[in-house]
Structures are given as C-alpha cells and as structure tokens.
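For reference, the chains in residue letters:
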Amino acid sequence: MKKLISMAMLTLLSLGLSSGVAYAGDYGKQKVVYHINMDDPKVLKAALGNIQNHLNAVGKDDIDLRVVMHGPGIALLQLANKDPDFSDKISNLKRQGVHFNVCNNTLVGKKINYKNDLYDVSKDDIVPSGVAEIARLQSLGYAYVKP
Amino acid sequence: MKKLISMAMLTLLSLGLSSGVAYAGDYGKQKVVYHINMDDPKVLKAALGNIQNHLNAVGKDDIDLRVVMHGPGIALLQLANKDPDFSDKISNLKRQGVHFNVCNNTLVGKKINYKNDLYDVSKDDIVPSGVAEIARLQSLGYAYVKP
Amino acid sequence: MKKLISMAMLTLLSLGLSSGVAYAGDYGKQKVVYHINMDDPKVLKAALGNIQNHLNAVGKDDIDLRVVMHGPGIALLQLANKDPDFSDKISNLKRQGVHFNVCNNTLVGKKINYKNDLYDVSKDDIVPSGVAEIARLQSLGYAYVKP
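Report on the accompanying structure. Keep in mind the model is a prediction, meaning the values are calculated, not measured.

1. With respect to the relation of the copies chain C and chain B
Here comes step 1: Superposing chain C onto chain B requires a rotation of 120° together with a translation of 0.0 Å along the rotation axis, leaving an RMSD of 0.0 Å. Viewed as a symmetry operation, the transformation between the two copies matches a three-fold axis.
Here comes step 2: Each copy contacts the other with its own distinct surface, as only 10% of the interface residues of chain C are interface residues in chain B too.

2. Points about the interface of chain A and chain C
Here comes step 1: At the interface, 21 residues of chain A touch 21 residues of chain C.
Here comes step 2: Between chain A and chain C, roughly 1,600 Å² of surface is buried when both sides are summed, and carbon and sulfur atoms account for 60% of that area.
Here comes step 3: Contact with chain C buries surface across chain A, with A:Lys123, A:Pro128 and A:Val131 losing the most and accounting together for 29% of the total.
Here comes step 4: Viewed at the interface, chain C and chain A are joined by zero salt bridges.

3. Points about the pairing of strand β1 (residues 30-36) of chain A
All names here are of chain A.
Here comes step 1: Counting buried positions over the seven residues of β1 gives six, a clear majority of the element.
Here comes step 2: Across seven bridges, the pairing between β1 and strand β2 (residues 63-69) is parallel. In the sheet register, Ile-36 faces β2, and the bridge partner there is Met-69.
Here comes step 3: Taken together, β1, helix α2 (residues 41-58) and β2 constitute a β-α-β crossover, and its handedness is right-handed.
Here comes step 4: Both β1 and strand β5 (residues 143-145) contribute to a ladder of three bridges, which runs parallel.

4. Some thoughts on the relation of the copies chain A and chain C
Here comes step 1: You can overlay chain A on chain C at an RMSD of 0.0 Å; the transform is a turn of 120° with a shift of 0.0 Å along its axis.
Here comes step 2: Different-surface contact between copies: only 10% of interface residues of chain A are shared with the interface of chain C.

5. Brief notes about the sheet that holds strand β1 (residues 30-36) of chain C
Residue and element names in this part refer to chain C.
Here comes step 1: One open sheet accounts for five strands, arranged β4-β3-β2-β1-β5; its pairing is parallel. Since the sheet does not close on itself, it has two edges, and those belong to β4 (126-127) and β5 (143-145), each with one partner.
Here comes step 2: With respect to the sheet, helix α2 (residues 41-58) is in contact with β1, β2 (63-69) and β3 (99-103), its orientation differing from that of β1 by roughly 180°.
Here comes step 3: Relative to β2, helix α7 (residues 130-139) is tilted by about 160°, and along the sheet it contacts β1, β2, β3, β4 and β5.

6. Looking at the packing of α2(A) against helix α4 (residues 84-95) of chain A
Residue and element names in this part refer to chain A.
Here comes step 1: It is at 11 Å that the axes of α2 and α4 come closest, and there the two elements cross at 25°. In terms of their interaxial angle, α2 and α4 are classed as roughly parallel. Crossing of α2 against α4: the hand is left-handed. Of α4, the residues touching α2 (which contributes Pro-41, Leu-44, Lys-45, Leu-48, Ile-51, Gln-52 and Leu-55) are Asp-85, Phe-86, Lys-89, Ile-90, Asn-92 and Leu-93.
Here comes step 2: Per-class residue counts for the contact of α2 with α4 are eight nonpolar, two polar and three charged.

7. Regarding the interface of chain C and chain B
Here comes step 1: Between chain C and chain B, the residue contacts involve 21 residues of the former and 21 residues of the latter.
Here comes step 2: Contact between chain C and chain B buries roughly 1,600 Å² in total, counting both sides, with carbon and sulfur atoms accounting for 60%.
Here comes step 3: The tally of links from chain C across to chain B stands at zero salt bridges.
Here comes step 4: Counting residues per element, the ones that place at least two in the side of chain C that touches chain B are α5 (104-109), β4 and α7 of chain C.
Here comes step 5: Here the element with the most residues in the side of chain C that touches chain B is α7(C); it accounts for seven residues.
Here comes step 6: Residue composition of the side of chain C that touches chain B, grouped by class: nine nonpolar, seven polar and five charged.

The rules we used
Residues numbered from 1 in each chain as written. Chains lettered and ligands numbered in written order. Predicted model: local features only at pLDDT ≥ 70, side-chain atom pairs only at ≥ 80, totals over all residues. Heavy atoms only, no water. Least-squares fit on C-alpha atoms with pLDDT ≥ 70 in both. Contact = heavy atoms within 4.5 Å. Buried area = accessible area lost by both parts, 1.4 Å probe. Salt bridge = Lys/Arg side-chain N within 4 Å of Asp/Glu carboxyl O. Buried < 20%, exposed > 50% of the residue type's maximum accessible area, 1.4 Å probe, protein only. Helix = DSSP H or I, 4+ residues; strand = E, 2+ residues; numbered from the N terminus. Pairing = 2+ DSSP bridges. Right-handed = clockwise from strand over helix to strand, strands pointing away. Axes fitted to C-alpha atoms, helices over the stretch in contact; angles between N-to-C directions. Parallel < 35°, antiparallel > 145°, perpendicular 65-115°, else oblique. Left-handed = near helix turned anticlockwise from the far one by under 90°. Nonpolar A, V, L, I, M, F, W, Y, C, P; charged D, E, K, R; others polar.

Spelled out as structure tokens, the structure:
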C-alpha cells in the first residue's frame, strides 16, 4: 500500500502537480527525544504542535517519540493540570504513543507532588535524571530535538 | 598537502609558537544539521556567523552542512528578503555548499508564499516536516547543533 | 558492587519501598557534550546544576562530560572570574572530571585574554572552533545536551 502511495506521489511529482513539496517524505522509522526544559507557555505550546507535526510526517506507528521534561520544563505538566488546551493536546499525543517522562531530581528539588501538581503522571513516567535519560536515549539511537 | 600542513602545524606547536590554540583542528569530514526555530534577528545573525566559522574550521569541501528552518525560524529567510546583510551571508554560505531547507508544514500553517515571501527558496529546498527532517538527518549520522 | 547495589534496588522496588522513582537508573557509561552559547546567568547557573545532577545520576567514573562554550556562552567563565558561586561550582565539576572547552574563534573575535578574563583556562582547554568541536564529539558518540 505504502509502495502504491509512493508510486502515485512520484507520478504526481513528475507531472508537476505537487504544491511546493520537494519530495513526499517517506521518513521510514524514527526514534526521537524531545528535550523540554523551558517554561514559556508559548514555546511549550509550539513544542506540542511540533510533536504532532512530527507524528503526522512519520506516521504514529513508525515513530518512538519521548518527551523528557526537567527543571523549568516541568511547567508543561503544571500548565496541563489547569489548562485543557494543554491537557487535551498531551492526552491526544499519548493516545498516539508519545511518552512523557519527568525528572525525579526536579520533583525532589521543587518539592512537586506528581499526583496532585502534574497532569497525568504515573510512577512509570518518572526517570531518575532528565539529562541522563536524554543522553541514554541518544546512545540508543534516538535523535535529539530541542524545541 | 593536508598532511604537509598538519606536519607543519605539529612542528609549530612543538616549537611553542602557537598563540593559545590547543591543537590545530584537523576535524576530518563532518555532517551537521543546524536547527533554526527562533526568530530573534540577533540570534539568527549569530547563527550565520557560527555556520561560517564551522565551515572555516572544517573546510567547505569536508563538511555537509544543512540548515533546517521551521516555525518562527522561517524568519531567517523573511529577513533575508529585505535585509542584504542577511541575504549576502546566506548566498555566500550557499556558494560554499550549505543547504537551507524549509518546512512545508510551516509554509502551509503560516500561509507563506515561498517564492514571494522568502529569500531564494526553490521547490527542492522544501521538506515536508522540519522536525522529521532533523531527526532523519541525525539517523544518517549528522550531528545536531541548535544555535 | 554495582551489581549488588542494583540487586538491592530491585529488591526495594519490588517491595514497593521506592519513593516515586520508576527505576533505579543504572545508566551505564555515557559520553555527553553540553552546548553553552547563552549568557543569561540564570540559565548558566541552571546548566551547572544540570551537569552536577547528570554526574550524580551516572556516576562520575562512568561519564565523560565535556562543556563546550562559544559566542555569548563564554560569559560562564567571565562570571566565574568574579563570582565565587560560579567558580566554586566549576572547580568542583572539574574535580569530578568534567572538561570545560573554550572556542578560539570567540576569544579572537571578542578580543578576550583567556588568562586574565576567564576563570581557570589553560591552553589545552581551547579548541579552534566550538561548533566544530561539538559536531566532532557527536561523531565520536557523544550525546548532545543544550541546557
């Protein structure tokens, strides 16, 4: 099916019918870690949009995408605890397979109760160190994106 | 020739004639993707300077350097459409082999006409998704730099 | 010994005695480059905290951590030249094996005398180009973190 679509797109391209896209973007399988350590709501909202676009481009079944939050970046899940615009987007991304991981150093340092203060975090979502997790994932072949 | 230069530099270094540089920097071949998603003209200008310095350090024939722009980062080519200081630098980098790629999601989302609104973009410069392209390049061994 | 600790932690985890940490974080060996090109003292201070947390999580003997500074990021060592809060943290990180590398292009461009203007820089700490060094390290398997 994928092959058929690719062929159809190639035909479209060769006919000059594409609307400005250089190539159709069969990105193959991807593993990616998004590094979130900023607390500007505008940047965080844009990051969620980037992630959705990333899923759309690669296909949710072909991507393993992890969002790792630490330091001020924990604000993403604090905002989501109050603002449905954030929580809806996060839930929607989770339904598409995106993992959201929280740094335990940050929880301890900022005295954050993950059950009350953050949106939809379970014990399995917590990693000992956000930065060490980001490095670990890269050593396993994950690409790095800082929104 | 390269070997000769390296040997000459080693000699200089061993004679203590170098002026504060630890080693001469034979960086070998490099593949790098620069991630541009910010619109602060000062940061964008600095990024162009970083890229030129990167080319100078590695040698333009030994580096495959891609600049991927998405979201607010598209500002780089909007600025260059009006400000010769930006367009001159971009043209100069292109002459040295640097590729500038634009995210199609951004063009559609911001209703940007790449022919009129952006500096020197052709159809081949457009990628379906900036973030997916950045991850794709890393999976091919490109290093990541966020200016 | 490490195995013993891991086993002890597994036991603790299986007994449900852990306090919210999903797993104990045996991160194995890591190589990481931190990219510093910002001059906001708050961000720079946070970066030093990130690096200490990173060392703590992985273990100082199991991590090769390089901090590469260029452009405005040189401010880190200018601040440390005046503010003991910065210099103490940097010295402490160095004692744990962290390398701090300075971009020679930046020194030349900003007319900085590394002996007088920067905290504790020796000739061996200077690299020809910060960005080329960051790409070089990634090509050698170092993960990238932009604080």
